[in-house]
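# Structural characterization, general
As a plain string of letters, each chain reads:
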2 protein chains.
Amino acid sequence: MGIDPDVAASVRADGVQKQRTRRRRQEILEVASQTFATRGFYNASLAEIADEVGISAAGILHHFKSKDQLLTELLHHRDMADIEEAGHGHGLRGLEFLHHLVDTAARNATRPGITQLYTVLSAESVTTDHPAQAWFRARYDGLRAMVTEALADARDIGELRDDADIAETATAIIAVMDGLQIQWLLAPGTVDMEAVTRRTIDALIAALAPEED
Amino acid sequence: MGIDPDVAASVRADGVQKQRTRRRRQEILEVASQTFATRGFYNASLAEIADEVGISAAGILHHFKSKDQLLTELLHHRDMADIEEAGHGHGLRGLEFLHHLVDTAARNATRPGITQLYTVLSAESVTTDHPAQAWFRARYDGLRAMVTEALADARDIGELRDDADIAETATAIIAVMDGLQIQWLLAPGTVDMEAVTRRTIDALIAALAPEED
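The shown structure was predicted, so the numbers you read here are calculated from the model rather than taken from an experiment.

## Points about the relation of the copies chain B and chain A
Under the fitted operation, chain B is carried onto chain A by 0.0 Å of movement along the axis and a turn of 180 degrees, and the coordinates agree to an RMSD of 0.1 Å. Overall, the copies show the geometry of a two-fold rotation axis. Of all interface residues in chain B, 100% are interface residues in chain A too; the two copies therefore contact each other through one and the same surface.

Have a look at this one:
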């Protein structure tokens, strides 16, 4: 029994249509990322994103039902999980993982667009009823848990003191990386994110070093 | 020769009018501070600020010629210079000044409104054409210079090593305080700004301690 040629053509057409839809959604997400980074989420309008993509605002709403939904899908889809990737991707443990965060800071200094997107959105997310507030709260919970786990590993293998307060140290490491981004975005020639991240992580770890015998 | 009673009455009326204008401007600035903190600068409208003050949007524009001008006057007028005040007000020098920054972090945890205002505005300020971008750039330049000066003092009086890299350390201290604010605003019960600021400053300073003889 052969395949009905009309059915086959229709299946192929469906496939082409789905691919087109996927590409268009991807393009909208990319333009939205740039626009939110450059202008801020609140300040960016669907009209200007549509304009940049070359469709109408209604065209965007065909793919994403609102500006809020566009933001939340963007956050879930886009690769903002660099820290997770950077560490786990290389199978690093303990202090090695922490030292690898310095590379993350160095990489962030080569891509101001993504760094700015993250800086602006995370701060805007603390405002009342912001659509990504829960996302950022969960993200910071996850980051603190991940860095705390790396510090716990380091403690377990004797790289840190038994009584080291690792939760506060994890919070500090994440904080310095975030705070540096604001200073760097305003004065990229003055602030060396990589060097300052290294200095701070080294100092925090040295403060938890095992007692020498 | 006596004073013309009409002139005296007119001067008094002028004085009353000026006082009223000053009070009204002050009130608008306070409501705008709260609104920008709660909703973000871009997301807040003059209409809702006017509504909260109990006047019309045109009434606001009588005192401040635009929303941008309202923001810049707010930043110049409001007491966001706590770090400067805290240190210099107490005449602290060297490491004493740095330890005092821990008190600043503790005080910020008691006033979420001002902390949120500063966090949201500073991050939004990195976006293109933001009216307060120059203000925040100058503010961070000033903060780095001030903390660097305190570290230089500490070095001069032998509290730190002669070759201590104080500029990077100053940048790190300011960064950790900023980054902590975002985490704290999203999870105030989880993040202890005072303890983590103390831990980070202590670790950074310990890393620059003079060699023991």
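Alright, that's what it looks like, and here's the rest.
## Comments concerning the interface of chain B and chain A
Facing 47 residues of chain B, the contacting portion of chain A comprises 47 residues. Both sides of the chain B and chain A interface together cover about 3800 Å² of buried area, and 67% of this is carbon and sulfur. Contact with chain A buries surface across chain B, with Q183(B), L186(B) and R199(B) losing the most and accounting together for 19% of the total. At the boundary of chain B and chain A, one finds four salt bridges. Contributions of two or more residues to the side of chain B that touches chain A are made by helix 1 (5-39), helix 7 (112-124), helix 8 (133-156), helix 9 (166-186) and helix 10 (193-206) of chain B. Looking at which element gives the most residues to the side of chain B that touches chain A, the answer is helix 9 of chain B, with 14 residues. Residues of the side of chain B that touches chain A, tallied by class, amount to 23 nonpolar, 16 polar and eight charged.

## Let's talk about helix 2 (residues 46-53) of chain B
Residue and element names in this part refer to chain B. All of the buried residues in helix 2 are L46, I49, A50 and V53. Taken down its axis, helix 2 places every buried residue within 100 degrees of arc, on the same side. Of the exposed residues in helix 2, the ones pointing more than 90 degrees away from its buried face are D51 and E52.

## Observations concerning the pattern of salt bridges
Taken as a whole and assessed by the stated rule, the structure comprises 18 salt bridges over all chains. Of the charged contacts, one joins R199(B) and E168(A) as a salt bridge, the two residues approaching to 2.8 Å between their closest N and O atoms. Note that R199(B) is positioned in helix 10 and E168(A) in helix 9 (residues 166-186), a pairing that runs across two chains. In this structure R199(B) comes out as partly exposed when scored by relative accessible area, which is 21%. Linking R39(B) and E48(B) is a salt bridge whose minimum nitrogen-to-oxygen distance equals 2.8 Å.

## A closer look at the UniProt feature "DNA-binding region" (unreviewed entry) in chain A
The residues that UniProt annotates with the feature "DNA-binding region" (unreviewed entry) are residues 45-64 of chain A. Helix makes up 75% of residues 45-64 of chain A and strand 0%, whereas the separation of the span's terminal C-alpha atoms amounts to 14 Å.

## Digging into the domain arrangement of chain A
All names here are of chain A. With domains assigned, chain A is organised as domain 1 (5-77) and domain 2 (82-206). Using C-alpha coordinates to define each centre, domain 1 is positioned 31 Å away from domain 2. Contact residues are listed per partner, giving 13 residues for domain 1 and 13 residues for domain 2. Buried surface at the junction of domain 1 and domain 2, both sides included, amounts to about 1100 Å², of which 72% is carbon and sulfur. Three residues stand out in domain 1 for area buried against domain 2, namely A37, Y42 and L75, and they jointly supply 50% of the buried area on that side. At the boundary of domain 1 with domain 2, the tally comes to zero salt bridges.

## Examining the packing of aromatic side chains
Residue and element names in this part refer to chain A. All chains considered together, the criterion is met by eight aromatic pairs over all chains. Plain terms: the ring middles of W135 and F136 are 4.9 Å apart, the flat faces sit at 85 degrees to each other, and that makes the pair edge-to-face. Overall, the relative accessible area of 17% leaves W135 in the buried class. The class for F136 is buried, based on a relative accessible area of 0%.

Reading the values: rules and limits
Residue indices follow the written sequence of each chain, beginning from 1 at its first position. Lettering of chains starts at A and numbering of ligands starts at 1, both following the order in which they are written. For a predicted model such as this one, the threshold for reporting local features is a pLDDT of at least 70, and the threshold for listing and counting side-chain atom pairs is 80 or more; totals across whole chains, interfaces and linings nevertheless cover every residue. For the side-chain quantities, the full set of heavy atoms in the structure was used; hydrogens and water were omitted. When the copies are superposed, the least-squares fit draws on C-alpha atoms of residues that have pLDDT of at least 70 in both. The contact rule is simple, with two residues in contact once any of their heavy atoms fall within 4.5 Å. Two parts lose some accessible area (1.4 Å probe) when they are put together, and adding that loss for both gives the buried area. One speaks of a salt bridge when a side-chain nitrogen belonging to Lys or Arg is within 4 Å of a carboxyl oxygen belonging to Asp or Glu. Each helix corresponds to a stretch of at least 4 residues labelled H or I by DSSP, and each strand to a stretch of at least 2 residues labelled E; elements are numbered beginning at the N terminus. Residues are sorted three ways: Asp, Glu, Lys and Arg are charged, Ala, Val, Leu, Ile, Met, Phe, Trp, Tyr, Cys and Pro are nonpolar, and all the rest, Gly among them, are polar. Only protein chains enter the calculation, and the probe is 1.4 Å; a residue is then buried if its accessible area is under 20% of its type maximum, exposed if over 50%, and partly exposed in between. The directions from the helix axis to the C-beta atoms are what the arc is built from. UniProt positions are given in the numbering used here, feature names are shortened, and annotations may be inferred rather than shown by experiment. Where a domain begins and ends is set by an automatic assignment or by a domain database. Only centres within 6.5 Å qualify two rings of Phe, Tyr or Trp (six-membered ring in Trp) as a pair; their planes then separate them into stacked at under 30 degrees, edge-to-face at over 60, and tilted for everything else.

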